[in-house]
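Reading the structure
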Amino acid sequence: MPSDPKHLSGDQAAAQQRFLSLFLRCEREIFRYVAVLVPNVTDAEDIVQQTAIALWEKFDAYDPGQPFAPWACRFALNKARQWIERRQRWQALLDQGLAEELAQRRQELQPELELRLRHLAGCLGKLPEGQRSLVEGYYYERAGIETLAQRSGRSEAATYKMLQRIRHALQVCVEDRTKPEVA
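Keep in mind the model is a prediction, meaning the values are calculated, not measured.

1. Some words on the domain arrangement of the protein chain
Assigned domains of the protein chain: these are domain 1 (11-110) and domain 2 (118-183). Summarising the inter-unit geometry, the C-alpha centres of domain 1 and domain 2 are found 39 Å apart.

Structure (structure tokens):
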């Protein structure tokens, strides 16, 4: 839902106002409806938020001659069902010992992961300054491609391609360092 009304056309702004008015009037009712379906208040709040997004996306299909709350609650029911299904699938995996298996596998791989991280640090140190700053900007600072492109004076496409090449070079470097030496 656009948040800046200055950028909306008159019809869009009116629709947004109508939607907000209807939704806010029945938000508590929707929450109570969802809270009966899921055991946790935080989960119910999340589902209501997801419901609001879905309602806004389908608001043009709403018939103003019908009450809003029942229409909204049908969306909430669908969102709650999706949440329950995801939770049941995840719970089934956990019940089958997935969490323990993942923890055990991680522990088994820990020495190899630490070795690969040390090799990666060494490989990063070998990169030219511009390439290293691109990697650090993307992975450590979490800067977007657009920002990195502006910093480097390259196009976004060229920056993305450069990052791909650097990642490949780092992968090859780490794999070369990880290979057992042949006598």
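Back to the write-up after that little detour.
2. Here we look at the packing of aromatic side chains
Each aromatic ring pair is characterised by the separation of its centres together with the angle its planes make. Evaluated as defined, the whole model comprises eleven aromatic pairs. Seen from their ring centres, Phe 68 and Trp 71 are 5.6 Å apart, and the 55° between their planes marks the pair as tilted. Of this pair, Phe 68 and Trp 71 are both found in helix H3 (residues 68-95), three residues apart, which corresponds to roughly one turn of the helix. The buried category is assigned to Phe 68, whose relative accessible area is 5%. Residues Tyr 138 and Tyr 139 carry aromatic rings whose centres are separated by 4.9 Å and whose planes lie at 85° to one another, so their mutual orientation is edge-to-face.

3. Details of helix H7 (residues 156-178)
Spanning 23 residues, H7 covers 33 Å between terminal C-alpha atoms, matching the ideal 33 Å at 1.5 Å per step. Those residues of H7 not exposed but buried are Thr 159, Met 162, Leu 163, Ile 166, Leu 170, Cys 173 and Val 174. Check the buried side of H7 and you find it contacts helix H4 (98-126), helix H5 (129-140) and helix H6 (145-152).

4. Digging into the environment of Gly 10
Among the structural elements, Gly 10 can be located in helix H1 (residues 10-37). C-alpha separation for the pair Gly 10 and Asp 176, spaced 166 residues apart in sequence, amounts to 61 Å.

5. A short note on the packing of H3 against H4
Put simply, H3 and H4 touch, their axes get as near as 5 Å, and they point 60° apart. Judged by the inter-axis angle, H3 sits oblique to H4. Across from Trp 90, Leu 93 and Leu 94 in H3, the residues of H4 making contact are Leu 98, Ala 99 and Glu 100. Across the contact of H3 with H4, the residue classes tally to five nonpolar, no polar and one charged.

6. Brief notes about H3
Taking 1.5 Å of rise per residue, the 28 residues of H3 would be expected to cover 40 Å, and the 40 Å separating its terminal C-alpha atoms lies within 8% of that figure. Within H3 the residues assigned to the buried category are Phe 68, Ala 69, Trp 71, Ala 72, Cys 73, Ala 76, Ala 80 and Trp 83. Looking at the buried side of H3, the elements it contacts are H1 and helix H2 (41-57). Of the residues one or two after H3, Gly 97 is the one with positive phi, at around 85°.

Thresholds, definitions, all that
Residues numbered from 1 in each chain as written. Predicted model: local features only at pLDDT ≥ 70, side-chain atom pairs only at ≥ 80, totals over all residues. Heavy atoms only, no water. Domains from an automatic or database assignment. Phe/Tyr/Trp six-rings, centres within 6.5 Å; stacked < 30°, edge-to-face > 60°. Helix = DSSP H or I, 4+ residues; strand = E, 2+ residues; numbered from the N terminus. Buried < 20%, exposed > 50% of the residue type's maximum accessible area, 1.4 Å probe, protein only. Expected span 1.5 Å × (residues − 1). Contact = heavy atoms within 4.5 Å. Axes fitted to C-alpha atoms, helices over the stretch in contact; angles between N-to-C directions. Parallel < 35°, antiparallel > 145°, perpendicular 65-115°, else oblique. Nonpolar A, V, L, I, M, F, W, Y, C, P; charged D, E, K, R; others polar.

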